[in-house]
Amino acid sequence: NAGVMQNPRHLVRRRGQEARLRCSPMKGHSHVYWYRQLPEEGLKFMVYLQKENIIDESGMPKERFSAEFPKEGPSILRIQQVVRGDSAAYFCASSARGGRRTYEQYFGPGTRLTVT
Amino acid sequence: AQKVTQAQTEISVVEKEDVTLDCVYETRDTTYYLFWYKQPPSGELVFLIRRNSFDEQNEISGRYSWNFQKSTSSFNFTITASQVVDSAVYFCALGTGFQKLVFGTGTRLLVSP
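Residues numbered from 1 in each chain as written. Chains lettered and ligands numbered in written order. Predicted model: local features only at pLDDT ≥ 70, side-chain atom pairs only at ≥ 80, totals over all residues. Heavy atoms only, no water.

Time to look at the interface of chain A and chain B. Opposite the 27 residues of chain A that make contact, chain B presents 22 residues. For the pair chain A and chain B, the two sides together bury roughly 2000 Å², of which 54% comes from carbon and sulfur. Between the two partners, chain A and chain B, sit two salt bridges. Summed over the shared surface of chain A and chain B, the result is five residue pairs in polar contact (both at pLDDT 80 or more). Those elements that place two or more of their residues in the side of chain A that touches chain B are β4 (31-37), β5 (43-50) and β10 (106-107) of chain A. By residue class, the composition of the side of chain A that touches chain B is 10 nonpolar, eight polar and nine charged. (Contact = heavy atoms within 4.5 Å. Buried area = accessible area lost by both parts, 1.4 Å probe. Salt bridge = Lys/Arg side-chain N within 4 Å of Asp/Glu carboxyl O. Polar contact = N/O pair within 3.5 Å; in protein donor to acceptor, adjacent residues only side chain to side chain. Helix = DSSP H or I, 4+ residues; strand = E, 2+ residues; numbered from the N terminus. Nonpolar A, V, L, I, M, F, W, Y, C, P; charged D, E, K, R; others polar.)

A complete count under the given rule lists two disulfides over all chains for this structure. Shown here is the disulfide that connects Cys23(A) with Cys92(A), its sulfur atoms set 1.7 Å apart. Residues Cys23(A) and Cys92(A) are joined by a disulfide whose S-S torsion is about -50 degrees; by sign, that bridge is left-handed. Of this pair, Cys23(A) sits in strand β3 (residues 19-24) while Cys92(A) sits in strand β9 (residues 88-95), and the two are 69 residues apart along the sequence. Grouping residues by exposure puts Cys23(A) and Cys92(A) together as buried. Disulfide partner of Cys23(B): Cys92(B), at an S-S distance of 2.0 Å. Note on the Cys23(B) and Cys92(B) pair: the S-S dihedral is about -65 degrees, so by sign convention the disulfide is left-handed. Here Cys92(B) lies in strand β10 (residues 88-95) and Cys23(B) lies in the loop between β3 (19-21) and β4 (24-26), a separation of 69 residues in the sequence. On the basis of relative accessible area, Cys23(B) is assigned to the buried category, the value being 0%. (Disulfide = S-S within 2.5 Å. Buried < 20%, exposed > 50% of the residue type's maximum accessible area, 1.4 Å probe, protein only.)

Moving on, we come to the packing of aromatic side chains. Applying the stated criterion across every chain, the model contains 20 aromatic pairs over all chains. Taken together, a centroid distance of 6.5 Å and an interplanar angle of 75 degrees make the contact between Phe91(A) and Phe107(A) edge-to-face. Of the two residues, Phe91(A) is situated in strand β9 and Phe107(A) in strand β10; the sequence distance between them amounts to 16 residues. Phe107(A) shares its class with Phe91(A); the two are buried. Their ring planes at 5 degrees and their centres at 5.0 Å tell us that Trp66(B) and Phe77(B) sit as a pair that is stacked. Of this pair, Trp66(B) sits in strand β8 (residues 64-69) while Phe77(B) sits in strand β9 (residues 74-79); the two residues are 11 residues apart in sequence, bridging distant segments of the chain. A relative accessible area of 3% places Trp66(B) in the buried class. Grouping aromatic residues by their ring pairs yields a cluster made of Tyr35(A), Phe45(A), Phe91(A), Tyr106(A), Phe107(A), Phe35(B), Tyr37(B), Phe47(B), Phe91(B) and Phe103(B). (Phe/Tyr/Trp six-rings, centres within 6.5 Å; stacked < 30°, edge-to-face > 60°.)

Have a look at this one:
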C-alpha cells in the first residue's frame, strides 16, 4: 500500500519563477492537507482540500499561493513569482476521514523548495 | 487560540537511557486531539499516536509510552531504553476539530552509542 507521494522531492527556482508541487494521497484517502516547514521550525498548516473543493485555506498567504485537488490526478500547490522567503519544505498529508473530529494525517516525504 | 509548546529544543542521551519529551498545549475547546510525529534525518514525518481529550489513559507501545494529563494540559512522550535509531525530531500536534493540526516547534533527540 503506497504512502503519500510527493514530487519533486527537491525543487530549485529562481526568484520570479513559478513552483508547482504535486501530491498524491494514500489509496482510499480523499482528504489532502498542505503544510509548510521553515528551517528549524514546526509545520504550519496552509490548506485543506477534498476533491474539487477547498475546505479551509486559512493558512495560505493571500497572494501568489494557490492549491487545487481536481477530480482526477494529484493535488497541486502552486506558488507564483517565488521569493527567497518561500524557501522551505512543503509537506502534503492525507487522511481517510474528515468532519468535526481530527483524524490522523499521513505525511509524504516533502518537497524541499529552494529559491535562488 | 490553539498553541503547542515543546520547551526542550534538543536532548542528548546515551543509548539505553530513558528519555521524556514534554508537550504542553493550550485550547479552549473541550473536544480536541493530540498527536505525536517523528521526523527522522531523512525528513519524512511518521505518525506515532493520536489521543482524544476524553481518553486520559496512558498508552504503551513497545518502548514508547505516552502520559496525557488534562489537569496540566500535557501530553508527554517517553522512550524507554533509547536506541540510536530513535534519533530524530519529534513533534507534538493539536487538533481541535476539523482537520487543521497545530504543531509545536519540535524536540531534537540525539541518541549516541
